[in-house]
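Next come the chains, spelled out residue by residue.
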Amino acid sequence: MTVCAIEITTTAPFTIAADGAYAARLAGEGQARYPERWTLGGPEPYAVPLPLAQPEEADSEVLALTDGRVLIHRRVADRHAFALLYPSGAATGPRTGELQLGALPAEEGVRVRLLPPSPDGHGAYALAVGPTESTVWQVAGAPGGPRRVAVLPGRCSGGVWLDRVGRLLSLDHELDGRTKAVAVDLERSGEVSPLLQIAEDSDDRLLLAAPDSGLLLIRSDAPGEPRLGWGVLGSARPVRFPECLRIAGAHPFAVQPGQALMPETCGVALRVGEAELVLWRPADRGVFRCAAPVGWLGTGLWTPQGRLHLPYATPEVPCGIVGIGQPAAPPPPVRLDPPPAPPLRPVPLQQAPLG
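Just so it is clear, the structure is predicted and the values come from calculations on it, not from any experiment.

Cut-offs applied
- Residues numbered from 1 in each chain as written.
- Predicted model: local features only at pLDDT ≥ 70, side-chain atom pairs only at ≥ 80, totals over all residues.
- Heavy atoms only, no water.
- Helix = DSSP H or I, 4+ residues; strand = E, 2+ residues; numbered from the N terminus.
- Buried < 20%, exposed > 50% of the residue type's maximum accessible area, 1.4 Å probe, protein only.
- Contact = heavy atoms within 4.5 Å.
- Areas by Shrake-Rupley, 256 points an atom, 1.4 Å probe, with all protein chains shown as cover.
- Phe/Tyr/Trp six-rings, centres within 6.5 Å; stacked < 30°, edge-to-face > 60°.
- Lys NZ or Arg CZ within 6 Å of the ring centre and 35° of its normal.
- Pairing = 2+ DSSP bridges.
- Core = buried A, V, L, I, M, F, W, Y, C linked by side-chain atoms within 4.5 Å.
- Axes fitted to C-alpha atoms, helices over the stretch in contact; angles between N-to-C directions.
- pLDDT = per-residue confidence, 0-100.
- Salt bridge = Lys/Arg side-chain N within 4 Å of Asp/Glu carboxyl O.

A. How the structure looks around the overall build of the chain. Regarding its fold elements, the chain presents 0 helices and 26 strands. Taken over 355 residues, the chain has a buried fraction of 52%. Relative to all contacts within the chain whose residues are 6 or more apart in sequence, the contacts with residues 24 or more apart total 45%. For the chain, the accessible surface area stands at approximately 16,300 Å², while carbon and sulfur atoms represent 53% of it.

See the structure below:
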């Protein structure tokens with residue numbers, strides 16, 4: 001891969017479907033924005049614009065589903081409207097089909113945003129956060145329009161899936177001045193279980209999870225300042241805060257799947273600000289800094305084989321993917337006791353050492 005300077009500008013979120021076959025973003029600029037679907041499953045990526053009669057607002061959200069349709073969330077007058085968009089051929093040329101899914105009322109002081117793509121690939125969820133409670137809504141895949149699946153007192157943020165079927169969702173739950181990651185069982189009326197309890201007075205947030213291996217990427221101030229750490233779901237071992245992850249502004253965005261019972265071998269990709277890419281594994285004693293492509297869209301997807309795919313868009317290449325392999329000759333892996341199979345309800349991690 002040719003190493004070049006990184007020139008990244010702030011772009012709308014680029015979301016990748018659960019199986020990696022499709023992705024979606026809000027393309028265009030200014031008053032001429034439109035949804036765009038990327039096909040990633042073939043030999044070469046290609047983009048299909050999905051414009052409608054009216055341009056989209058800059059705050060509209062899009063989410064790619066595994067069947068190739070794109071979910072869009074719009075603020076329309078006094079409601080939050082949801083619809084599915086898809087390419088539709090016509091005698092006059094390509095068109096965009098639209099299937100309305102229903103809407104939620106727009107209430108004062110309540111923020112509604114889409115959650116990451118559900119692992120089942122078909123359902124989609126939104127989080128509505130108000131001053132005193134947070135509600136998880138299923139906005140696609142439920143008959144009869146949006147369906148309330150969980151209500152939590154207090155304010156929630158984040159959103160990480162803990163399994164492969166779209167049942168267990170982690171949220172960062174703020175209550176009584178502290179933020180703790182909790183697990184929400186969407187099939188048991190939104191039953192809530194503790195997930196991270198690193199220290200009684202710490203703020204513990206879950207950033208990423210790898211259901212195959214149980215690897216969890218965490219941000220906590222238990223060491224005395226906000227630090228990146230890692231643990232294993234269901235393990236009796238404590239959370240660790242490696243010195244090599246003490247990088248200001250680092251945020252993990254992708255973790256390698258398919259590493260069953262081997263969390264220490266999972267590749268993790270981190271974005272540092274908008275101008276740097278860092279690769280790391282729990283078995284590594286250091287990080288590997290890489291140049292990202294010009295026009296990088298700020299996210300990516302690991303393959304089970306350890307290759308990181310980074311989407312980018314430039315005027316010359318409006319739809320491109322760069323692949324980066326795991327760095328060669330890593331330090332010898334440190335074997336961990338194999339964690340048990342993730343339980344139906346996650347258990348809290350033990351207290352973490354602060355050193």
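B. Quick peek at unusual backbone geometry. Non-glycine residue Ala77 carries a positive phi angle of around 55°. Turning to its location among the elements, Ala77 is positioned in the loop between strand 6 (70-76) and strand 7 (79-88). The backbone of Asp176 sits at a positive phi, close to 55°, despite the residue not being glycine. Turning to its location among the elements, Asp176 is positioned in the loop between strand 14 (168-175) and strand 15 (178-185). Judged by its relative accessible area of 75%, Asp176 is exposed.

C. Layout of the environment of Ala83. Tracing the chain through its elements places Ala83 in strand 7. If we skip the residues at most four places from it in the chain, Ala83 touches Val70, Leu71, Ile72, Arg74, Glu98, Leu99, Gln100 and Leu101.

D. Local environment of the packing of aromatic side chains. Under the definition given, this model contains 3 aromatic pairs. Each ring, one from Phe14 and one from Trp38, has its centre 4.9 Å from the other, and the planes form 80°; the classification is edge-to-face. Pair noted here: Phe14 is in the segment before strand 1 (15-16) and Trp38 is in strand 3 (residues 32-39), with a separation of 24 residues, a long-range link. When sorted by exposure, Phe14 lands in the same class as Trp38, which is buried. A cation over a ring is seen here: Arg240 above Trp230, with NZ or CZ 4.2 Å from the ring centre.

E. Fine view of the pairing of strand 20 (residues 250-255). Here strand 20 lies mainly inside the structure; 5 of its 6 residues are buried. Across 5 bridges, strand 20 lies against strand 21 (residues 268-272) in antiparallel orientation. If you follow Pro252 over to strand 21, its bridge partner there is Leu270.

F. Quick look at the nonpolar core. If you look at the biggest cluster of nonpolar residues, it comprises 19 residues, and the most contacted ones within it are Leu215, Leu217, Val255, Val268, Leu270 and Trp280. Not counting residues within four places of it along the chain, the set of residues in contact with Trp280 comprises Leu217, Trp230, Pro242, Cys244, Leu245, Cys266, Gly267, Val268, Leu270, Gly286 and Val287. Counting 17 residues, the second largest nonpolar core, distinct from the first, contains Leu162, Ala183, Leu196 and Leu206.

G. Structural view of the sheet that holds strand 23 (residues 288-290). Strand order in the open sheet formed by 4 strands is 20-21-22-23, with antiparallel pairing between adjacent strands. Among the strands making up the open sheet, the edge pair consists of strand 20 and strand 23. Neighbour-to-neighbour, the strand axes of this sheet turn through a mean angle of 30°, independent of strand direction. Pairing geometry for strand 21 and strand 22 (residues 276-280), over 5 bridges, is antiparallel. Across the sheet, residue Val268 finds its bridge partner in strand 22, namely Trp280.

H. Fine view of the confidence of the model for the chain. For the chain, mean pLDDT is 88; residues scoring 70 or higher make up 87% of the total. Counting interchain partners and residues more than four positions distant, the pLDDT-below-50 stretch residues 329-355 has 71 contacts.

I. Spatial organisation of the sheet that holds strand 24 (residues 301-302). The strand order 24-25-26 describes an open sheet built from 3 strands, whose pairing is antiparallel. Of all the strands in the sheet, the pair left with one neighbour each is strand 24 and strand 26 (320-325).

J. Spotlight on the pairing of strand 6. Counted residue by residue, strand 6 has 5 buried out of 7 residues, so it is predominantly covered. Where strand 5 (residues 61-64) meets strand 6, 4 bridges bridge the pair, whose relative direction is antiparallel. By the bridge assignment for strand 6, Ala64 is matched with Val70. Where strand 5 folds back on strand 6, the antiparallel hairpin that results is connected by 5 residues, among which Gly68 adopts a positive phi of roughly 95°. The antiparallel pairing of strand 6 with strand 7 creates a hairpin that spans 2 residues between the two strands, and Ala77 there sits at a positive phi of about 55°.

K. Examining the pattern of salt bridges more closely. Taken as a whole and judged by the stated rule, the model has 15 salt bridges. Glu56 is the partner of Arg74 in a salt bridge, and the nearest nitrogen-oxygen pair spans 2.8 Å. Separated by 18 residues along the polypeptide, Arg74 in strand 6 and Glu56 in the loop between strand 4 (46-49) and strand 5 bring together distant segments of the chain. The burial state of Arg74 is the same as that of Glu56; both residues are buried. With its nearest N and O atoms 3.5 Å apart, the salt bridge here joins Glu243 to Arg227. Residue Glu243 is located in the loop between strand 19 (227-232) and strand 20, and its partner Arg227 is located in strand 19; the two are separated by 16 residues in the primary sequence. Look at Glu243 and you get exposed, because its relative accessible area is 53%. Judged by relative accessible area, Arg227 falls into the buried class, the value being 7%. One network of salt bridges, in which partners are shared, links Glu225, Arg227, Glu243 and Arg246.

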